[in-house]
Amino acid sequence: MSLANYLVLAAILFAIGAVIVLVRRSAVISLMGVELMLNSSNLVLVTFARIHGDVAGEVMAFFVMVVAAAEVVVGLAIIVSIFKSRGTTSVDDVNLLKN
């Protein structure tokens, strides 16, 4: 598989993740779309690191994975607390930040 195929795959994965975030109303599914977009950016970083022959892209991909893990922990904690108080994870029904 050539390196251009990896970039096309990353673009397709990013587009799928963006569509999931824009279309779905569940907060958990939206977080999964964000994770898919972050993983596609990791694929791009590793591909460009491979093209240029250095390790900088792989190191940046590692930091993106660390940030994504922290984002999942914080995001799921917020979603669980909202679910306990409201009984739903729908993004449309949540208006806790108003006022």
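What you are looking at is a predicted structure, and each value in this text was computed from that prediction instead of being measured. (Residues numbered from 1 in each chain as written. Predicted model: local features only at pLDDT ≥ 70, side-chain atom pairs only at ≥ 80, totals over all residues. Heavy atoms only, no water.)

Enquirer: Whenever I open this one, the overall build of the protein chain confuses me. Can you help?
Expert: Helix and strand counts for the protein chain come out as three helices and zero strands. When the helices and strands of the protein chain are read in sequence order from the N terminus, they spell out α-α-α. Projecting the C-alpha coordinates of the protein chain onto the three principal axes gives extents of approximately 50 × 25 × 25 Å. Counting the 99 residues in the protein chain, one finds 19% classified as buried. In the protein chain, the share of contacts with a sequence separation of at least 24, taken over all contacts with a separation of at least 6, comes to 50%. Each charge sign in the protein chain was given a centre, from 6 positive and 6 negative side chains, and these centres are 11 Å apart. (Helix = DSSP H or I, 4+ residues; strand = E, 2+ residues; numbered from the N terminus. Buried < 20%, exposed > 50% of the residue type's maximum accessible area, 1.4 Å probe, protein only. Contact = heavy atoms within 4.5 Å. Lys, Arg positive; Asp, Glu negative; His and termini not counted. Charge placed at Lys NZ, Arg CZ, Asp CG, Glu CD.)

Enquirer: Even after reading the chapter, I still don't get the packing of helix 2 (residues 27–52) against helix 3 (residues 56–86), so can you show me in this structure?
Expert: Two elements in contact, helix 2 and helix 3, have axes whose closest approach is 9 Å; the angle formed by their N-to-C orientations is 175°. Regarding the angle of helix 2 to helix 3, the classification is roughly antiparallel. Two secondary-structure elements touch here, helix 2 through Ala27, Val28, Leu31, Val34, Glu35, Leu38, Ser41, Asn42, Leu45, Val46 and Ala49 and helix 3 through Gly57, Glu58, Met60, Ala61, Val64, Met65, Ala68, Glu71, Val72, Gly75, Leu76 and Ile79. Considered class by class, the residues forming the contact of helix 2 with helix 3 number 16 nonpolar, four polar and three charged. (Axes fitted to C-alpha atoms, helices over the stretch in contact; angles between N-to-C directions. Parallel < 35°, antiparallel > 145°, perpendicular 65-115°, else oblique. Nonpolar A, V, L, I, M, F, W, Y, C, P; charged D, E, K, R; others polar.)

Enquirer: Where do I start with helix 3 in this structure?
Expert: Think of an α-helix as turning once every 3.6 residues; residues three or four places apart then point the same way. Between its first and last C-alpha atoms helix 3 spans 44 Å; for 31 residues at 1.5 Å apiece the expected length is 45 Å, and the two agree. Those residues of helix 3 lying buried are Gly57, Ala61, Ala68, Gly75, Ile79 and Ile82. Turning to helix 3, the residues buried within the fold contact helix 2. Gly87 occupies a position one or two residues after helix 3 and carries a positive phi of about 85°. (Expected span 1.5 Å × (residues − 1).)

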